[in-house]
Amino acid sequence: MKALSLYIPVKYKFGYGIFEKELGKVLPLLGKKVMLVTGKTFAEKYGYVDKIRKIAEEVNVEVFHFNGISPNPKTNEIERAGEIAKEEKIEGILGFGGGSVMDAVKAISICVTNDGNIWDYTMFQKMPENDTLPFCLIPTTPATGSEMNSSAIISNPEEKRKWGIFDEKIFPDFSIVDPSLSETLKKDYLSLCAIDIITHMLEPFVTAREDAEIIKGVAKFYAKKVIESIRILKKETDNKKARENIHLLSGLALSGIATRGMGGFHEMHWLEHIVSGFFDNVSHPAGLSILLIPWLKYRWKKNKYNIIEFFSYLMHKENPGKEEIFEYLDTLYKEINLPKSFKEYGIRGDNIDDFLREYHYVCNRFPNFFVEKIEDRDFIKIFEESLR
């Protein structure tokens, strides 16, 4: 097993229906004036903004609401929120929403206490010198695991790029995970959430170069439970246990517990970031869903035995063959209604050249992020299959 380190300094609260009770305890710890960061519609539509304001009033905390975060959070949105936070003398931040909101909060917290443009802090180009503002994350979707890690993925619409910020300073101070907050999500979006969680573990497993028996066992168990839970939730949306499971696994999957020590890497995530950097209408989990099968077919020639090991556990079948594994995936995609083609997002074959040029650019600029470079012919084939 490869040497590993784990560091998760998050005061993490989990439980069905705990949101309001725990928020009342956390808000005063963020400061006397807190910025509430949300997406543009969800939190207000379902009355959560009013609930948060009421709780804040009860504990003598002033709330300033910023609702300008869109999916694939943009540099201009983040910097605008940072400037407002400075002007309003904000002392802490509360993020209420999905992965985009949570990642935006992390980036905003850097903007308020550090100089420069937020894009300067992506990909280790510049590290925040000062501690960030304290912040609490309340996820409303079980997908990205941002509530338990120290990374944030943001988009630069001018450059058409989507890169990451990675720094221990952006671990959340607090996370309140209440599975009831996802009850209004559509079933198909929950399916996308599930594929996001699974790929966080599947990619390092498939590309693993070390025999990390315990870590691999954890990854397989987590992935199996995600699939079991989403299958139940597609039929029984009020199944409390399944909803709890998928929310808990969201944070655990990308916390390091199920990935470190294997010597693997998140190759397919980079491919998706390239796509949604160009096409903002592609949500992160939808892009992962579309790329997964073509990417696994590419990886078969290099990592056949890792793929067999992973799916043998999921399928309850010893040494399944290639056709059996991809039949299993086809059946799962149909069962939980996952997207399989970029065509419905307006992407065409001539866009592949743009994706390939960008892949070359990031590989050359940030070689440490790309342990194995995909050959051009394989890259093209992955995307051709994703347009079938």
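What counts, and at which threshold
Residues numbered from 1 in each chain as written. Predicted model: local features only at pLDDT ≥ 70, side-chain atom pairs only at ≥ 80, totals over all residues. Heavy atoms only, no water. Helix = DSSP H or I, 4+ residues; strand = E, 2+ residues; numbered from the N terminus. Rg over C-alpha atoms; globule rule 2.2 N^0.38 Å. Contact = heavy atoms within 4.5 Å. Areas by Shrake-Rupley, 256 points an atom, 1.4 Å probe, with all protein chains shown as cover. Pairing = 2+ DSSP bridges. Axes fitted to C-alpha atoms, helices over the stretch in contact; angles between N-to-C directions. Phe/Tyr/Trp six-rings, centres within 6.5 Å; stacked < 30°, edge-to-face > 60°. Buried < 20%, exposed > 50% of the residue type's maximum accessible area, 1.4 Å probe, protein only. Lys NZ or Arg CZ within 6 Å of the ring centre and 35° of its normal.

S.K.: Tell me about the overall build of the protein, residues and numbers included.
M.R.: For the protein, the count of helices and strands is 13 helices and eight strands. Taken against the 2.2 N^0.38 rule, which gives 21 Å for 388 residues, the C-alpha radius of gyration of the protein at 20 Å falls within 12% of a compact globule. Referenced to the eigenvectors of the C-alpha coordinate spread, the extents of the protein come out at roughly 60 × 45 × 45 Å. Across the protein, every contact between residues at least 6 apart in sequence was considered, and the portion connecting residues at least 24 apart equals 80%. When the accessible surface of the protein is totalled, it reaches about 16500 Å², and 47% of it is carbon and sulfur.

S.K.: Residues and numbers for the environment of methionine 268, please.
M.R.: As for its placement among the helices and strands, methionine 268 is situated in helix α9 (residues 267–278). When the C-alpha positions of methionine 268 and leucine 291 are compared, they lie 7.3 Å apart, and in sequence the two are 23 residues distant. The residues touching methionine 268, leaving out its near neighbours within four places in the chain, are Thr199, Glu203, Leu288, Leu291, Leu292 and Trp295.

S.K.: Pulling in residues and values, what's your account of the sheet that holds strand β3 (residues 62–69)?
M.R.: The strand order β1-β8-β5-β4-β2-β3 describes an open sheet built from six strands, whose pairing is parallel. The open sheet has two free edges, formed respectively by β1 (11–14) and β3, since each of these has just one partner strand. When the angles between neighbouring strand axes are averaged without regard to direction, this sheet yields 15 degrees. Lying on the sheet, helix α1 (residues 19–30) is in contact with β1, β2 (33–39), β4 (92–97), β5 (135–139) and β8 (174–177); it crosses β8 at an angle near 165 degrees. Helix α8 (residues 240–253) contacts β1 and β8 of the sheet and is inclined by roughly 165 degrees relative to β1.

S.K.: Talk me through the packing of aromatic side chains; I want residue IDs and the actual numbers.
M.R.: What the rule picks out here adds up to 27 aromatic pairs. Where phenylalanine 42 meets tyrosine 46, the ring centres are 5.1 Å apart and the plane angle is 50 degrees; that geometry is what we call tilted. Arranged with centres 6.5 Å apart and planes meeting at 75 degrees, the rings of phenylalanine 366 and phenylalanine 369 form a pair that is edge-to-face. Under the relative-accessibility criterion, phenylalanine 369 is labelled partly exposed at 24%. Above the face of the tyrosine 361 ring, arginine 161 is positioned so that its terminal group lies 4.1 Å from the ring centre.

Remember, this is a structural readout, not a statement about activity or role.
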